[in-house]
Amino acid sequence: MDHVGIYDAKAKLSQLIEQVKAGGEVVITKRGKPVARLVPPEAPRKSSPARAAKRIRALCERLNIRRVNIRALIEEGRD
């Protein structure tokens, strides 16, 4: 983890962003005290299967689609 002063951070922002994109972390300081931290964004969370099934059912109702076997669709997607 690198520590960089605000003035240097403004001058080297593109380099710092590249460093963070590569998995690094940068602490920005003001007069030697940390004031901000640059970190990579969180990985997107995976949806739970139950929540996905609920969304599919709601979509089917909204589109007035009948006789859709969600379990069959899930199994088909696993092939």
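Shown above is the structure to which this text applies.
Only a predicted model underlies this, so the values are computations on that prediction, with no experimental measurement involved.

Rules and cut-offs
Residues numbered from 1 in each chain as written. Predicted model: local features only at pLDDT ≥ 70, side-chain atom pairs only at ≥ 80, totals over all residues. Heavy atoms only, no water. Helix = DSSP H or I, 4+ residues; strand = E, 2+ residues; numbered from the N terminus. Rg over C-alpha atoms; globule rule 2.2 N^0.38 Å. Buried < 20%, exposed > 50% of the residue type's maximum accessible area, 1.4 Å probe, protein only. Contact = heavy atoms within 4.5 Å. Areas by Shrake-Rupley, 256 points an atom, 1.4 Å probe, with all protein chains shown as cover. Lys, Arg positive; Asp, Glu negative; His and termini not counted. Charge placed at Lys NZ, Arg CZ, Asp CG, Glu CD. Expected span 1.5 Å × (residues − 1). Patch = residues over 30% accessible without salt bridge, like charges linked within 9 Å, V, L, I, M, F, W, Y side chains within 5 Å. Salt bridge = Lys/Arg side-chain N within 4 Å of Asp/Glu carboxyl O.

*Asks:* Help me understand the overall build of the chain in this model?
*Replies:* The helix and strand tally for the chain stands at 4 helices and 3 strands. Against the compact-globule benchmark of 12 Å for 79 residues, the chain has a radius of gyration of 23 Å, which places it well outside the compact range. Counting only C-alpha atoms and orienting by the principal axes, one finds that the chain spans roughly 65 × 25 × 20 Å. Classification of the 79 residues of the chain by burial places 14% in the buried group. For the chain, restricting intrachain contacts to residue pairs at least 6 apart in sequence, the fraction spanning at least 24 positions comes to 21%. With the model as given, the accessible surface of the chain reaches about 7200 Å², and the carbon-plus-sulfur share is 52%. Averaging the positions of the 18 positive and the 9 negative side-chain charges in the chain gives two centres separated by 8 Å.

*Asks:* Is there a simple way to explain the side chain of T29 in this structure?
*Replies:* Along the chain, T29 turns up in strand β2 (residues 26-30). Judged by its relative accessible area of 12%, T29 is buried. Leaving out residues up to four positions away in the same chain, T29 has contacts with H3, V4, G5, I6, P34 and V35.

*Asks:* Hey, could you run me through helix α3 (residues 49-62) in this one?
*Replies:* Residues lying three or four places apart along an α-helix face the same way, a consequence of the helix completing one turn every 3.6 residues. Its 14 residues place the ends of α3 20 Å apart at the C-alpha level, agreeing with the 20 Å of an ideal helix rising 1.5 Å per residue. N64 lies just past α3 and shows a positive phi near 60 degrees.

*Asks:* How should I be thinking about the environment of A11 in this particular structure?
*Replies:* Looking at the element boundaries, A11 is found in helix α1 (residues 6-11). By relative accessible area, A11 is classed as exposed at 61%.

*Asks:* Help me understand a nonpolar patch on the surface, please; the structure alone is not making it clear to me.
*Replies:* On the surface, L59, L63, I65, V68 and L73 cluster together into a nonpolar patch covering about 400 Å² of accessible area. With respect to the helices, strands and loops of the structure, V68 is situated in the loop between α3 and α4 (70-77). Residue classification places V68 among the partly exposed positions, given a relative accessible area of 32%.

*Asks:* I'm lost on the environment of D8 in this one. Help?
*Replies:* If you trace the backbone, D8 turns up in helix α1. A residue is classified by how much of its surface remains accessible, and D8, at 37% relative accessible area, is partly exposed. As for D8 and A53, which are separated by 45 residues in sequence, their C-alpha atoms are 50 Å apart.

These figures capture arrangement, not role.
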